[in-house]
Amino acid sequence: MHLLTLLACQDPPSEHTDPEVQGPQDILTTDLALDLGALTGQATLVVEPGEEGVRLDVSGLSVDGVSLDGETAPILLEDGWLSVGGPGSEPVTVVVDYGFEARTPATFDGWMPGLGVSFVWPTYCSNLFPCDPSLQDGVTFTMAVTGFDEGLTAVHPTSTHGDGPTYLPAVALGPYT
């Protein structure tokens, strides 16, 4: 019975997670602004770069623009990973403007407008925002949500008060009072 419990609690395999490319970077904060109607977002991340600079999983996103410490940066994509800057010892601010897909209930991940909810499995945060899906890296979040019809309410955490996993940000949208 205990063996079955342990197996059931394992993370699902993920092509999103590649331990070879995840250096010792530390994402300190992630500020998300999501427009559910336009299917766009802006993520502002404060990161202590790793050996390869800042590397973010964007495999479920379309990257429209990147800045590093307020200056436009090139969009360097390889195998679903965005690389920004080089190694360093001081935190940097990375801003990523991006688009995300409307997903279906069959996939049960990302933003699912048909259900009015978002869900990101532990290593699939990149279906909603740029991230490091490594479960070892906790992060503090803020979140703003726009782009929905009048009469609907978006229920989501506006901020966290300590490090949390990358699958923490979520939105539920409906006629809530």
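Residues numbered from 1 in each chain as written. Predicted model: local features only at pLDDT ≥ 70, side-chain atom pairs only at ≥ 80, totals over all residues. Heavy atoms only, no water.

## Brief notes about the overall build of the chain
Moving on, step 1. Within the chain, the secondary structure is distributed over one helix and 13 strands.
Moving on, step 2. Element order for the chain, N to C, with α for helix and β for strand: α-β-β-β-β-β-β-β-β-β-β-β-β-β.
Moving on, step 3. Out of the 177 residues in the chain, the part that is buried amounts to 42%.
Moving on, step 4. Counted over contacts in the chain with a minimum sequence separation of 6, partners at least 24 positions apart contribute 65%.
Moving on, step 5. Within the structure as shown, the chain displays about 9,200 Å² of accessible surface, and the carbon and sulfur contribution to it stands at 57%. (Helix = DSSP H or I, 4+ residues; strand = E, 2+ residues; numbered from the N terminus. Buried < 20%, exposed > 50% of the residue type's maximum accessible area, 1.4 Å probe, protein only. Contact = heavy atoms within 4.5 Å. Areas by Shrake-Rupley, 256 points an atom, 1.4 Å probe, with all protein chains shown as cover.)

## Observations regarding the sheet that holds strand E7 (residues 81-84)
Moving on, step 1. Here three strands make up an open sheet; going across it, the order is E3-E7-E6 and the pairing antiparallel. The sheet is open, and its two edges are formed by strand E3 (54-57) and strand E6 (76-78), each paired on a single side. In this sheet, neighbouring strand axes are inclined to one another by 30° on average, regardless of whether the strands run parallel or antiparallel.
Moving on, step 2. With three bridges connecting them, E6 and E7 associate as antiparallel partners. The residue of E7 that forms the bridge with Leu77 is Leu82. (Pairing = 2+ DSSP bridges. Axes fitted to C-alpha atoms, helices over the stretch in contact; angles between N-to-C directions.)

## A look at the sheet that holds strand E1 (residues 26-35)
For sheets, the rule is that strands pair by backbone hydrogen bonds, running either parallel or antiparallel.
Moving on, step 1. Pairing is mixed across the open sheet formed by six strands, whose spatial order is E5-E4-E8-E2-E1-E11. The strands lining the two open edges of the sheet, one partner per strand, are strand E5 (71-73) and strand E11 (140-146). Geometrically, the sheet is characterised by an average inter-axis angle of 20° between neighbouring strands, direction not taken into account.
Moving on, step 2. Note that strand E4 (residues 61-68) and E5 share three bridges and pair antiparallel. Looking at E5, one finds that Ser67 is bridged to Thr72.

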